[in-house]
Amino acid sequence: MDWSAYTSHLDMRSASVIDWSMRAAGCTTTTAKTLVLGLGNPILTDDGVGVQVAEAVATRLPLDSPVDCIEVSVGGLMLMEAILGYERVILIDALYPATQPGRIHRMTLADLRAMSVTEHSNSPHDAGLITALDMAQRMGLPLPAEITIYAVEVENIIDFGDTMTAAVAAAVPRVTEAVLAELFQSEVRSPKSVIRNPKSVIRNP
Amino acid sequence: MKRITIDPITRLEGHGKIEIFLDDAGDVANAYFQVPELRGFERFCVGRPAEEMPRITNRICGVCPEAHHMAATKALDNLFQVEPPVVTKKIREMFYSAFYVTDHTTHFYALGGPDFVVGPDAPPAERNILGVVRKVGVDIGKQVIDTRMRNHHVIKMVGGRSVHPVAGLPGGWSKAISEEERREIEVIANQNIEFALFSLKIFEDIVLGNPEYMELVLSDAYTDRTYSMGMVDAQNRVNFYDGMIRVVDPEGQEFVKYHPRDYAQHIAEHVEPWTYLKFPYLKNVGWKGFVDGKDSGVYFATPLSRLNAADGMATPRAQEAYEKMYETLGGKKINGRYQPVHQRLATHWARLIELLYAAERMMELITDPEITDPNVRAPVTATPTEGIGCVEAPRGTLTHHYQTDERGILTKVNLVVGTTNNYAPMSMSIKKAASALIKRGTVISNGLLNRVEMAFRSYDPCLSCATHSLPGQMPLEVVIYDAERQEVERLSQYTSQCGT
């Protein structure tokens, strides 16, 4: 099938996706920005852990910080779109089922690829995160150079509620500190409970 | 007995599962589509102020927060007995049209489309949006992402927040549209119309131009003759935001047309021991089991059923596309209206017609001279007791029903969500496809199971709010059991695409 007929049918504004993403990220062409993104449903008990961490990080940053903090509960495509235009992204999400609720994993996309998916990157209404990122890369969209994922093992994502279980709630300050340490690019002294892969920061080719 | 289960990644709970039981001869004896249950949504809401519901319910799920926001906002109009200004209704519907454009676009290119564009028997790793991009080219992929992003931009601008909007108020909308915003949205609406026409052309060329696909679409394996439900305007044309609920019988005669507030007089729920989710059916026809036909109260509520239930589309190009679909699929006109199309795979076509309608409707509304009127709120004075709000969500009719005390504190909450409407017909479609495709001696391949999944995928099911399940996800696994109930096959939909 000759698809060139289709592409000529439309005004292919090839640069507009990049425009949208730069605009959404609030970027000018020269600034490199960082995004802290809490992923999860804040009213589904432990699923809100990512949201709680993103909010805690936001309150600790100076008002003029170049770091954006947002929280969403979406699948892969929307997640991919949300991070376009940023230089560096830190995602925080829940991981289920848990071997030890409250345990924190610091991961990269390579780790994610190896272990299949986090809770939110898998949906029949969306592409998985890895698929969405592969697609964005293929299309030459402005993906972050660096994506780091903090995944917290959670206990209850079945009951509606806005209070986390104790072990998961206790993990919030620890993840918050780890994210802040990473943001300030100081020596990362991760709490002992953070399982850290030495190769954990990957760079997109 | 042999048992087949379509199941998601096993480490997840809260997933949907299709189990297929084979008899001694190796034919399909039964097929069950099971979904999990999340608990305590009503308990979570009771005791909270009703006006928080547009912001609470849009957290139920990451797939259609805008639909919940809108149904909740309309339920508040009704609860506080306040009629929103005309401009407010137009803003809401314009906003809602932008949401429809993103949602239907995603389904066609990322979910339903890959079965046709990449092929129903392609490996699962290819049968996704990345596979579509590989097949049709990077430029079209960019169009898809661009369409999603520019409409999400409208949703954020008009709804006050990205993804989870906040602007809905009883009798109002929290902000008006400025002339500058109006001009920007007009450009976007125009791009949406172009994109919708382009998507329809792709569908027509790929599917209608391919005899093998047409055979699949028209085959008995994917045909169920049930009642059709959809919201219609005063002229019986499709409307997503407001109107009456119309139900037509399998021959296309109007069975009933009722105000959404009267839903409980028309819809009842059947319970089965093997699943938490209930099966809504037409109360005045009755539950006769998982069977189709005029005597069975099973109905469906999808893009296809909405087109079946209406007499046509309210915008010109969508009306042309509508006529083309009914003419092509052999619907005869009786008493001035087309007979329903029952081939469930035609839902993908209907969805694209709705995409075009949403784009055209968005254009009509944003070029309405009244749309920038700043008076977007009506005062609330009545004492609340009970409110019902209803919209067509992309996946079916969505109803929110609240009861409160005199302070507006919630005492009872009931949601009838889009996908729930389709639980019975989906279960029937899965069984029918499985029975037609899995026969004695059939080698059960991944491609074959995908064809079973296609029956279910046409409904674009989202069980995350149907069961109040994990936000925006409902991975799937198929497991097959033999006559001795031994598992013989287990295939996961996402395993390969996720790289495990």
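Residues numbered from 1 in each chain as written. Chains lettered and ligands numbered in written order. Predicted model: local features only at pLDDT ≥ 70, side-chain atom pairs only at ≥ 80, totals over all residues. Heavy atoms only, no water.

Some details on the packing of helix α4 (residues 76-83) of chain A against helix α6 (residues 138-159) of chain B
Phase 1: Relative to each other, α4(A) and α6(B) sit at 75 degrees, their axes nearing to 11 Å. Comparing the axis directions of α4(A) and α6(B) gives the class roughly perpendicular. Residues A:L77, A:M78, A:M80 and A:E81 of α4(A) lie in contact with α6(B), whose contacting residues are B:I145, B:R148, B:M149 and B:H152.
Phase 2: Looking at the contact of α4(A) with α6(B), its residues break down into five nonpolar, one polar and two charged. (Axes fitted to C-alpha atoms, helices over the stretch in contact; angles between N-to-C directions. Helix = DSSP H or I, 4+ residues; strand = E, 2+ residues; numbered from the N terminus. Parallel < 35°, antiparallel > 145°, perpendicular 65-115°, else oblique. Contact = heavy atoms within 4.5 Å. Nonpolar A, V, L, I, M, F, W, Y, C, P; charged D, E, K, R; others polar.)

Comments concerning the sheet that holds strand β15 (residues 396-404) of chain B
Residue and element names in this part refer to chain B.
Phase 1: Taken in spatial order, the three strands line up as β14-β15-β16 in an open sheet, and their pairing is antiparallel. At either margin of the open sheet sits one strand with a lone partner, and together these are β14 (386-393) and β16 (410-416). The average undirected angle you get between the axes of adjacent strands in this sheet is 10 degrees.
Phase 2: Judged from the eight bridges that link them, β14 and β15 form a sheet pairing that is antiparallel. Opposite E386, over in β15, you have Q403 as the bridge partner.
Phase 3: Running at roughly 150 degrees to β14, helix α3 (residues 65-79) makes contact with β14 and β15 of the sheet. (Pairing = 2+ DSSP bridges.)

Quick look at the confidence of the model for chain B
Residue and element names in this part refer to chain B.
Phase 1: Here chain B averages 87 in pLDDT, and 90% of its residues register 70 or above.
Phase 2: Across residues 4-14 the pLDDT falls below 50, and counting only partners more than four positions away or on other chains, this stretch makes 78 contacts in the model.
Phase 3: Across residues 466-475 the pLDDT falls below 50, and counting only partners more than four positions away or on other chains, this stretch makes 66 contacts in the model.
Phase 4: For this predicted complex, the interface score ipTM comes out at 0.79, alongside a pTM of 0.88. (pLDDT = per-residue confidence, 0-100.)

Remarks on the pattern of salt bridges
Residue and element names in this part refer to chain B.
Phase 1: Inspection of every chain in the model, using the stated rule, returns 38 salt bridges over all chains.
Phase 2: Note that R457 is salt-bridged to E453, the shortest N-O span being 3.1 Å. In this pair, R457 and E453 both sit in helix α15 (residues 446-457), four residues apart, roughly one turn of the helix.
Phase 3: Residues participating in the shared-partner salt-bridge network are E179, R182, R183 and E186. (Salt bridge = Lys/Arg side-chain N within 4 Å of Asp/Glu carboxyl O.)

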